[in-house]
Amino acid sequence: MDMDLDKVQGSNAETSCREEKENVNVQVKDNTDIKHVNEEGIKEEKENEEKGECKEERREEVQNTRCTAVKCVCVKAVSGLRSMGERVLDGVEKVCEFWGKAVTGHPFIAISITLMVVGACSLGLLNLKLEQRTSKLWYPQDSNIVKVDEWRSHHFPAQHRSHVLLWESEENVLTAVFVKRIFEARQQLLNVTFYNNGTALRFQDICLRVRSYLTPLPALSTYFNMSGVDAETQKASYCQQVEALPTVCYERSFLEVWNNDPEIIMNLTDEMVVRDINHNKVSPVFGLPIRFTDFFGGKEMDGNGQVVKARVTRHTLVTSIRRNVPTVDDLANNIAIDKASLSWEKAVLSEALAISSDTNFRLVPNIAISMWKESAASIFGDVPWLVTGWVVLIVYALITLGRPCATLVGICSVGLSEAVSYGLCSALFVPCGTVTYILPILLLGLGVDDMYVIVAAWEVASENGSRDLAWVGGRTLRMTGISIMFTSFTDAIAFLVGLSSRLPAISWFCGYAAVGIVSTLFLQSTLFLAALSLHHRYISPIFSVVLPSWMQRSTNIVQRFIKHYSMIIGRTGVTVGVTVVTLLLLGLGCWGASCLNIKYEPKWMLSRSSYLYNWFEIMEQYFPPTGYTGVVFFGGVNITTELPGLRSLVTDLYALPIITNVDAWFLQLEKTLEMRSNASWSVFEEASSLFLHSPEGSRYIHHIAYQGPLLCGHPILNISNFKLHFRIQMLTSNSEEQKAMTDIIKIVKEANITGYHSVYANGFHSWEMERHISSELKLQMITVISVVALMTVAMIGINTIALLVVGCVAAILLETSALMHVLGLTIDPITTIALILAGGLSVDYVAHIAHAYLATRGDRQTRAQAAVCKVGPPVLHACLSTFLAFVILAPSESHLFQVFFKVYSVVSLLGLLYSLIVLPCLLAGFGPQRLQPSSTQSTSPLFEASNTSLTHNTTDGEAQHDITHNTINTSNSSTRHTFTPDS
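Here is a short report on the structure shown in this document. (Residues numbered from 1 in each chain as written. Predicted model: local features only at pLDDT ≥ 70, side-chain atom pairs only at ≥ 80, totals over all residues. Heavy atoms only, no water.)

Attention now moves to the overall build of the protein. On a plain count of helices and strands, the protein comes out with 29 helices and 23 strands. Classification of the 983 residues of the protein by burial places 50% in the buried group. Contacts in the protein between residues at least 24 apart in sequence constitute 78% of all its contacts with a sequence separation of at least 6. Accessible area of the protein: about 45,200 Å², with a carbon and sulfur share of 59%. (Helix = DSSP H or I, 4+ residues; strand = E, 2+ residues; numbered from the N terminus. Buried < 20%, exposed > 50% of the residue type's maximum accessible area, 1.4 Å probe, protein only. Contact = heavy atoms within 4.5 Å. Areas by Shrake-Rupley, 256 points an atom, 1.4 Å probe, with all protein chains shown as cover.)

Now the structure itself:
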C-alpha cells in the first residue's frame, strides 16, 4: 500500500513537473511571440514613417517644381513683354526716321500739306459752343443740385433782382452831414435815366412794387370765421381796403425812418439821427415792424445799449424782371433778365462808381450785373501779364535755341495746335467751357519742351558734318521720337481717361487737351522740323555771321555748366545726401498735402483791387453771415390732403440741430386765420387769397406758383407748386457742411408726401462743388500716375528705371500739393485743373533723363552722368522757360492767374530738382547695372556722343575717373541694348 502510494505520489510529482515545464515553455513561447509581434510593429511603424517622409519630400519636390514653373512662366512673360516692347520700339523708331526724312527732304511740301490739314480741322470752329453756366460746368448733370435748378427755373423763375449798396465812412455814418450826403446820392441813383425802345425809364418804372400797409386793416380771422351773406360782404369790404392801399418801390435803408422825406432829412441834427434810429420800430414806408439798427455795421453802443456810432450802412434796391419781353442770360447768376433791367443796371452801376470817387465818403456798389462784368474783367484785365510771360518765354527760346525763324515757327505751331483742338472738338459737339481758355498754357509748355529736345538731337545727328539734311532729320526724329512720343502720348492718354469725369468742365477740358497735345506733337515734328531744315539749308550760313558772339556762346555756357555738374553725380556722399533730402521732402509733402483744405468762394474769381471784391470784404467784416437760407420745393402736391405730411416734414427739419427756423406759409396761414386743420380744398384756396393780401401774409406772395393773376377775394385755383423756407446755422468746416447737406436732403427725400419735393440751400452749390472737386482731383491724380506707370513699363520694361520715373512724377505732384497749402491755396476748380496740367508737365521733365539713361552704355554712374550731360541742357531750358513764363504773373490780381503763377512756378522748380538732381543720383545709385549688346537690330542710343570725354578729379589718393563715349555707328543697322538683371 505504501509502495503504491509512493508510486502514485511520484507519478503525480512527475506529472506536475512536466506541466510546470510545459507552462514555462508556453510562457516563453508567448513572450517570444509578443516580442516578435512588437518587433514587427516597430518595423511597420518605421516603414510608415519613412513612407511619410518620402511623401513629404515628394510633396515639397512637387511644390518646388510648381514654384519653379511659375517663376519660369513669369520670367518668360516678362521677357516676352520686353521682347515685344523692343520690337514695338524698333518699329516706332523706323517710322519716326522715315517721317523725319520725308519732312526734312521735302520741307515745302510738308508745310503745305500740314497747313491744309490744320485749315480743314479749324473749320469745326464754326460749330464752337461756349458754355459759361456754373450748373453746366462744375456739377454732375445727374446730381440733385442740377435737377433742382432745372425744376426751379421752370416752375419758379426769378421774379426780381437785388442790388446792395454799402455806404462807408472812416469815422461815423450816424451824423446829420453823412445822412444828407447819402440822401443826395440816393436821389442821383434813382433819377438815372435809361432808354428802352426809345422810351426814357427810371428806377420807379422797373422797381419791384409792393403794398404799403400804413393804413390799419381789420384782423383777417374775424372775417374768415363769419358765415353767410354778411361774411361775403365783409370779405369784399376787406379786399376793397386792400386794393386801395398804395404801392411803393421796394427799397430798404435806414432812410425809411424819415419816410425818405427831403424836408425832414435836410433839417436833421446828429442827436435826432441817433434818437430816431434807435427808437422807431415801424417802417413809415411799408407800415411793417423793423429794427433800423440792423442796417448798420461796425456799431458802437453807449451805456444804455443804444447805437451811437457806426462805420458802414447798407442800402438795398430791388427791380422786377419782366417775362413777356426778350431776355438776356446773366451767366454769373444763371438767370434770364429783360433788356430794360439790364440797361438800368449798367447805367446805375456807372453812376454809382462815379459817386464812389467822392472823398468825403465811399460808396461800394454790388449791382446784380456786377459779378458778371467783374469776373470777366478780372481775367481779361490780367491778360497783359500772361502775354508778357509768353513774350519772355519766346525771347528766351530765341536766345537759347539760336534759330530765330525756326523758333518762331515752333511757337506758331502751338497756336495752330490750339486751332486744331478747338476745331475738332467743336466739330464733335464738345462744348467749350471757361476752363479751356487756359489750354494754351499747357500746349506752350509742352511745345517748347519738344523744341529743345529736337534741336539737341539735331546737333548730335549733325556732328559728323553730313550735309544730307534729310538724313540728319531722319536721325533726329529717330533719336527723339520715342522720347517726345512717350511724354505726349502719356499726357494724351491721361487726359482721354479724364473724359470719364462726371464734372463736365473737367471732361471737356480733358478732351480739348488730349487733342491739343497730339496735334502739338504732330506739328512740332512737321512744321518745326521742316523749319529747322530750311534754317540750316538757307539761313544758317548768314545767321552764323550776323548772330552776336555772346548769343553763339550762350548754349555752350549751359552745356559746360551741365558737364561740370554731371561729374559729381554718383559719388557716395552726393547720392546719400540727395536720398536723405528726397525722403525729407516726401515727408513734408505728405504733411502739407494732408493739410490741404477744400474751399471755394465766388469772390476769388474777382480782381483783388476791384470794387466788388472790396464789397465782399466789407460785408464779411461788418455784416458777417448768420447762416444759410434753404428752400424746399413742392410740385403736384395736394396741400389739403398732404398737410399732415407737410407738418411732419417741418417737425423733422426742426429736429436737426443745425436748423434754426422753418418758415412755412401754410402753417402761418392756419395760425393767422385760426383755420381748422381739416379745412376743405375750396376753403383753403379762398383763405390763401385773403392771407396773401394781408400784412402778415404779403411776404409769402412769391412762395406759390400761380396759374393766373392773384386777386384778393378770388380763390387761388390748383395750389400744387409751392415752397417753404428754412435757415441753417453757420458751419465752420467742410465735414459739417457735407453732413448738413446729406441730412437735409435725406429728410426731404424720405418725407411722406405724394408728388415732387426737393431741397436747395444757398450753400449747396459750393458744398456740392467741393464734394465732387475733391473726388475728381483724387481720381485724376491716380489716373495720371497710373498712365505714367503703364507707359513707362511699355517703353522701358519692368525695372528700377520705371519705378523711379513713376516715383518722381508722384513726388512732384505730392510736393506741389503741399506747397499749395503753404502758399495759401485750397482745392477748388482752378487748382484742380492746375494740378491735372502739372501732371502732364512733370512727366516731360523726368522722362527725357530716364530715356537717355536707358540708351547709354556703361555702369550706373557713367550712364547717369552721360544722360545728364546730353539731355540736361534741353531739360534745364524747358524748366527755366516755363518758370520765367509764369513768374511774370506774380503781380496779377485774379485768382486764376495767381493759381497758375504759384502752381507752375513750383512745378518748374520741382521738375528741375527731380529731373537733374534726384533722378540721376538715384539712377547712379540704384539703377540697372549695365547694358549688354544683343543680336536684335535697332537704332543707336539717344543722344550719342562722338569721342566726348567727361573727366573729373577725385580726392587725393584716388585716380582720375574718365568717362568716354565712343562714336557709335549711325547706320540703319546698329545694336539693341538690353539690361542685365537689377542688382
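Helices that pack against each other are described as a pair by the angle of their axes relative to one another and the distance between those axes. Axis separation between helix α13 (residues 383-401) and helix α15 (residues 439-461) bottoms out at 12 Å; the angle between their running directions is 5°. Regarding the angle of α13 to α15, the classification is roughly parallel. Of the residues in α15, those in contact with L386, W390, L393, Y396, A397, T400 and L401 of α13 are P440, I441, L444, V448, M451, Y452 and V455. (Axes fitted to C-alpha atoms, helices over the stretch in contact; angles between N-to-C directions. Parallel < 35°, antiparallel > 145°, perpendicular 65-115°, else oblique.)

Glancing now at empty space enclosed by the protein. The full count for this structure, using the stated rule, is 2 cavities of 30 Å³ or more. What the largest cavity holds in volume is close to 50 Å³. As for the largest cavity, its lining consists of W390, L393, I441, L444, G445, T882, A885 and F886. Split by residue class, the lining of the largest cavity holds 6 nonpolar, 2 polar and no charged. (1 Å grid on protein atoms, 1.4 Å probe; cavity = no way out; pocket = protein on both sides within 12 Å on 5 of 7 lines; lining within 4 Å. Points joined across faces, edges and corners; volume = space filled by probe spheres on them. Nonpolar A, V, L, I, M, F, W, Y, C, P; charged D, E, K, R; others polar.)

Along the chain, the position of T575 falls in helix α19 (residues 572-595). With relative accessibility at 10%, the residue T575 sits in the buried group. In this structure, T575 is in contact with G570, C921 and G925, ignoring residues within four places of it in sequence.

If you trace the 4 strands from one edge of the open sheet to the other, you get β17-β18-β16-β19, paired in antiparallel fashion. The open sheet is flanked by β17 (659-663) and β19 (756-761), the only strands paired with a single partner. Across the sheet, the mean angle from the axis of one strand to that of its neighbour is 20°, orientation sign disregarded. Across 6 bridges, strand β16 (residues 627-635) lies against β19 in antiparallel orientation. The residue bridging G630 from the neighbouring strand is A761, located in β19. Sheet contacts for helix α21 (residues 643-655): β16, β17 and β18 (722-729); angle to β17, the most-contacted strand, approximately 160°. Running at roughly 160° to β19, helix α24 (residues 734-749) makes contact with β16, β17, β18 and β19 of the sheet. (Pairing = 2+ DSSP bridges.)

Below, the discussion takes up the state of the cysteines. For the structure shown, the criterion picks out 2 disulfides. Here C207 pairs with C249 through a disulfide, and the sulfurs are 1.9 Å apart. For the disulfide bridge between C207 and C249, the dihedral angle about the S-S bond is near -60°, and by the sign convention the bridge is left-handed. Here the residue C207 occupies a position in the loop between α6 (203-206) and β5 (209-211), and C249 occupies one in strand β6 (residues 247-249), the gap between them amounting to 42 residues. For the pair C207 and C249, one class covers both residues: buried. Residue C239 pairs covalently with C712 via a disulfide, S to S 2.2 Å. Where C239 bonds to C712 through sulfur, the torsion about that S-S bond is close to -75°, and the disulfide is left-handed. Of this pair, C239 sits in helix α8 (residues 229-244) while C712 is found in the loop between α23 (681-692) and β18, placing the two residues 473 residues apart along the sequence. What makes C712 buried here is its relative accessible area of 8%. Numbered by position along the chain, the disulfide-linked cysteines of the protein connect as 1-3, 2-4. With no disulfide partner, C425 has as its closest neighbouring cysteine sulfur the one in C432, 9.1 Å distant. (Disulfide = S-S within 2.5 Å.)

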